[in-house]
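Spelled out, the chains give:
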Amino acid sequence: TKEVVANTNDKTYKVSFPAGAVGTATLTVGSYIITFNLTVNVPAATTLHQGETFAADGYEWRVLIGGAESLIIAEHIIATSQFHGAASYPKWSDSFVRNTTLANLFNDLEFLETRVIIKNDIMTRDTAYAASGSFETTTDSIFLLGIEEAFYAGEDDAAIAGSGGTPISNATTGTSTERTNGNTVIFADGYARSATDVSGLGSNSWWNWWLRSPNYDSATSNASMVNQSEGYIANWGVNKVVGIRPALWINFPKEAAPTALINYESETLTGLAPNAAYLFNGEDGTADADGTYPIDSDWMDGSALAIIKKGDEINTSDSEPQNDLIIPVRLDAPNVSGVNETVIGKNDGKITGYTADMEYKLADALNWTSTPITGLAPGNYEVRLKATNSDFASAAASVTISAGAAPAPTTYAVTVTGGSGSASYEAGATVTITANAAEDGKVFDTWTSDGVTFADPSSLATSFTMPAKAVTVTANYKDDPSGGGDDPNPPATDNGWIYANSIWKFFIDGVAQTGWVYDQSTWYYLNADGIMQTGWVYDQSDKAWYYLAGNGAMKTGWVKDDGDWYYLAGNGAMVANKWFHDTDGSWYYLSGNGKMLTGKQNVGGKVYSFKTNGMWIG
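So, a few notes on the structure that sits alongside this text. (Residues numbered from 1 in each chain as written. Predicted model: local features only at pLDDT ≥ 70, side-chain atom pairs only at ≥ 80, totals over all residues. Heavy atoms only, no water.)

## Remarks on the overall build of the protein
The helix and strand tally for the protein stands at 4 helices and 48 strands. When the accessible surface of the protein is totalled, it reaches about 30600 Å², and 48% of it is carbon and sulfur. (Helix = DSSP H or I, 4+ residues; strand = E, 2+ residues; numbered from the N terminus. Areas by Shrake-Rupley, 256 points an atom, 1.4 Å probe, with all protein chains shown as cover.)

## Topic: the nonpolar core
Membership of the largest hydrophobic core comes to 46 residues, with the highest contact counts inside it found for Phe54, Trp61, Ile72, Leu112 and Leu248. Those residues in contact with Trp61 that lie beyond four places of it in its chain are Glu52, Thr53, Phe54, Ala56, Ile72, Ile73, Ala74, Glu75, Leu109, Leu112, Pro246 and Leu248. Residues Ile433, Ala475, Trp504 and Ala553 belong to the second largest nonpolar core, which totals 24 residues. (Core = buried A, V, L, I, M, F, W, Y, C linked by side-chain atoms within 4.5 Å. Buried < 20%, exposed > 50% of the residue type's maximum accessible area, 1.4 Å probe, protein only. Contact = heavy atoms within 4.5 Å.)

## Quick look at the packing of aromatic side chains
Counted according to the given criterion, the structure contains 34 aromatic pairs. Taking the centre distance of 6.0 Å and the plane angle of 75° together, the rings of Trp579 and Trp616 count as edge-to-face. Taken as a pair, Trp579 in strand β45 (residues 578-581) and Trp616 in the segment after β48 (606-610) lie far apart in primary sequence, 37 residues in all. Taking relative accessible area as the criterion, Trp616 reaches 35% and is therefore assigned partly exposed. Members of the aromatic cluster, each reached through a chain of ring pairs, are Phe444, Trp447, Phe454, Phe464 and Tyr477. Over the face of the ring belonging to Trp368 we find Lys361, whose NZ or CZ atom lies 5.1 Å from the ring centre. Above the face of the Trp368 ring, Arg384 is positioned so that its terminal group lies 3.9 Å from the ring centre. (Phe/Tyr/Trp six-rings, centres within 6.5 Å; stacked < 30°, edge-to-face > 60°. Lys NZ or Arg CZ within 6 Å of the ring centre and 35° of its normal.)

## Description of the sheet that holds strand β16 (residues 247-251)
Taken in spatial order, the 5 strands make up an open sheet running β5-β6-β7-β16-β11, and their pairing is antiparallel. Every other strand in the sheet has two partners, leaving β5 (53-56) and β11 (142-143) as the edge strands with one partner each. Bridge analysis of β5 against strand β6 (residues 59-65) gives 4 bridges, and the strand direction is antiparallel. Bridge pairing links Thr53 to Arg62 in β6. (Pairing = 2+ DSSP bridges.)

## Some points on the sheet that holds strand β37 (residues 503-508)
Read across the open sheet, the 3 strands follow the order β36-β37-β38; overall the sheet is antiparallel. Of all the strands in the sheet, just β36 (496-500) and β38 (511-512) have a single pairing partner and so form its edges. Where β36 lies against β37, 5 bridges are found, and the strand directions are antiparallel. By the bridge assignment for β37, Ala500 is matched with Ile503.

## Concerning the pattern of salt bridges
Applying the stated rule across the entire model yields 8 salt bridges. The partner of Lys310 in a salt bridge is Asp284, with the nearest N and O atoms 3.0 Å apart. Here Asp284 lies in strand β20 (residues 283-286) and Lys310 lies in the loop between β22 (304-309) and β23 (322-326), a separation of 26 residues in the sequence. A residue is classified by how much of its surface remains accessible, and Asp284, at 53% relative accessible area, is exposed. In this structure, Lys361 and Glu382 form a salt bridge, with 3.4 Å as the shortest nitrogen-oxygen distance. Separated by 21 residues along the polypeptide, Lys361 in strand β26 (residues 358-362) and Glu382 in strand β27 (residues 379-385) bring together distant segments of the chain. Taking the relative accessible area as the measure of exposure, Lys361 reaches 9% and is therefore buried. (Salt bridge = Lys/Arg side-chain N within 4 Å of Asp/Glu carboxyl O.)

## Looking at the environment of Ala333
When you line up the elements, Ala333 lands in the loop between β23 and β24 (337-339). The exposure class of Ala333 is partly exposed, given its relative accessible area of 35%. Between the C-alpha atoms of Ala333 and Leu385, which are 52 residues apart in sequence, the distance is 7.3 Å. Among all residues touching Ala333, those that are not within four sequence positions of it are Ser394, Ala395, Ala396 and Ala397.

Put into structure tokens, the structure is as follows:
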């Protein structure tokens, strides 16, 4: 801060302003109003650049050499002074302007004093510039430019005092008018030649200003100066009052170069300053609170990453770049494949080609794991090579493990002796059986079995609920009390099922029925001749197909015929050309001929995928 002290009535008041403040501020003390001019305006950039100007300590300054160490000169004449009081030739080291005028000016430069670089290699001719002689070397915080510096600044910075080189001495011949401003920074524009309102000078554009060089063409008691109006080098008596434009070397120290490392597992840079600003390949970025920064995938090209720690814009400039950190190319995905689940719900999928240096996860999961690689549920997985101490994790391979087929149902055998209906059935299924035609002299008597209950044990066609075991059922016959055989034309009083000539008919009051017949909770279909039908039957009246079992019973639900699955609605009608939502929550599609679709099929102009059990999967 800049402290301004005001004394009044034996009291001291201090007003603090932040560095960089500009404009005016006022302090009211009793009846007094004190106005302050704030002229410190250091550029925000941490490194000064050649040709730019800035305000500090009440003056405007021009940058002659930019960088972490910058040479600046007052933009205007800020004071006047003799070069030396006596009309005799002095060396720069002994001059009044160096030891008194500039020393006093330096004491007033409070802000720049904190940035100044004291140079111990300010070289100046110790005799007349055109004459032979040697250089003297002085140590200066504030100085005047020499002839060669004023003339060559911006062309050959090695000629600048404090740059480490030897002042140029070959521009020593010719007249002063030949040393024009055509190639110089000093005479770059009108501002450099415009005098400010300095006490004793007025605001005239032609006032001259001293250089620290001796007379350029003879060993007289003159010193060199810049003719402000014409922009060339001239001589003037050392006891004359001429303008002063002081020069200083100032610096903004560089930040230490980064020494970042790579964490290949987290894909971050480490070892950065917490919350500090950096340039990564020229792009801005800020380190996290733990000193890390995410590595951009665009950097993974096998080349070095340039990392620069940015200055704080007040005290430091940007660091030198760290150029030794090679960001390797990400490895290709591994060659792996998936083995599908064998049976739905078994979760026995696996990944083949997998090795100990890999890891995997479900595609939508966050965390990677290494084991196990068997016993996997159906799903989409990603597999990659693990990160090492020299490589990032590889690109991920996509692996799909599909769900298995539905398990085959457990069935039990039914053996029918003396009748039809022998097959395998699931426990709980309704089994319909039919007795064979009785031999001559015999008639059907009853059904017997080892552990099942018949719906009607005395009916030729009956049913029972399948237990969870194999069963044998037997149709039993007895002697025909009438002594006769089958009669294709039974008496008019006969009712129910009659088996004659290897066909079944159903009678009511001696009349053979046709069409649909409902008997003992089961539907049967009889053709126009009254003969019981089996297999597929098309009912013209309701335009639907029905499937009748070997015993004539109408089927509902899933039916497999000749290797294809069909679905029969609750009324027995075959479902066709439509989607079906089963009780297990799965969707199926039955084609125009009623067959259940599997594999990839075009339905309504869109391709759908079905499992081998018909279940729709997408």
